[in-house]
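# Structural characterization, general
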Amino acid sequence: HQSTSLLHNRDNFLVKHQRATPSDIKQFRERYSKTQTQLAQDLGVTRSTISRWERGVIRIPSVMPVALRGLTHIYASRRSSQRSRDRNAAIARSN
């Protein structure tokens, strides 16, 4: 069994059955410029839970890689929508 990071490349998460680590949670949050409070809201947990996961104080649920994959798609969709709105606003200003 090879040990590799959950965040092995840009937005793809590794194989099933691998648990998320404290650094995986923090790297994910930082990659998407989220505060602990924002990530907590998106995952339906408290900010203190995110903090405890990131510090390794409590065990991260085994379903977390799946939840983070889901958020990856949501965040990417939001980014795409924002780029479209920005592009449309720039076009409107130039007219």
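The present account deals with the structure reproduced in this document.

The rules behind these values
Residues numbered from 1 in each chain as written. Predicted model: local features only at pLDDT ≥ 70, side-chain atom pairs only at ≥ 80, totals over all residues. Heavy atoms only, no water. Axes fitted to C-alpha atoms, helices over the stretch in contact; angles between N-to-C directions. Helix = DSSP H or I, 4+ residues; strand = E, 2+ residues; numbered from the N terminus. Parallel < 35°, antiparallel > 145°, perpendicular 65-115°, else oblique. Contact = heavy atoms within 4.5 Å. Nonpolar A, V, L, I, M, F, W, Y, C, P; charged D, E, K, R; others polar. Buried < 20%, exposed > 50% of the residue type's maximum accessible area, 1.4 Å probe, protein only. Arc of directions from axis to C-beta. Salt bridge = Lys/Arg side-chain N within 4 Å of Asp/Glu carboxyl O. Core = buried A, V, L, I, M, F, W, Y, C linked by side-chain atoms within 4.5 Å.

### Focus on the packing of helix 2 (residues 36-43) against helix 3 (residues 47-55)
For the pair helix 2 and helix 3, interaxial distance at closest approach is 8 Å and the crossing angle is 105°. Classified by the interaxial angle, the pair formed by helix 2 and helix 3 is roughly perpendicular. Across the interface between the two elements, Gln36, Thr37, Leu39, Ala40 and Leu43 from helix 2 touch Arg47, Ile50, Ser51, Trp53 and Glu54 from helix 3. Looking at the contact of helix 2 with helix 3, its residues break down into 5 nonpolar, 3 polar and 2 charged.

### Section: helix 1 (residues 22-31)
For helix 1, the set of buried residues is Asp24, Ile25, Phe28 and Arg29. Looking straight down helix 1, one finds that the buried residues subtend no more than 130° of arc, so they occupy a single side. Phi for Ser33, located one or two positions after helix 1, is positive at around 50°.

### Structural notes on the pattern of salt bridges
It is possible for side chains bearing opposite charge to pair when their charged atoms get close. Inspection of the entire model under this criterion finds 1 salt bridge. Glu54 is the partner of Arg29 in a salt bridge, and the nearest nitrogen-oxygen pair spans 2.6 Å. Residue Arg29 is found in helix 1, and its partner Glu54 is found in helix 3; the two are separated by 25 residues along the sequence. Under the relative-accessibility criterion, Arg29 is labelled buried at 11%. Given the relative accessible area of 14%, Glu54 is considered buried.

### Looking at helix 3
Of all the residues in helix 3, the buried ones are Thr49, Ile50, Ser51, Trp53 and Glu54. Looking one or two residues past helix 3, Gly56 carries a phi angle of roughly 75°, positive in sign.

### Observations concerning the nonpolar core
For soluble globular proteins, nonpolar side chains are generally found buried alongside one another. Ile25, Phe28, Leu39, Ile50, Ile60, Met64 and Tyr75 are the most contacted members of the largest nonpolar core, which has 13 residues in total. Broken down by secondary-structure element, the contributors of at least two residues to this core are helix 1, helix 2, helix 3 and helix 4 (64-94). With 4 residues, the single largest contributor to this core is helix 4. Ignoring anything within four residues of it in the chain, the contact list for Leu39 reads Ile25, Phe28, Arg29, Lys34, Ile50, Leu71 and Tyr75.

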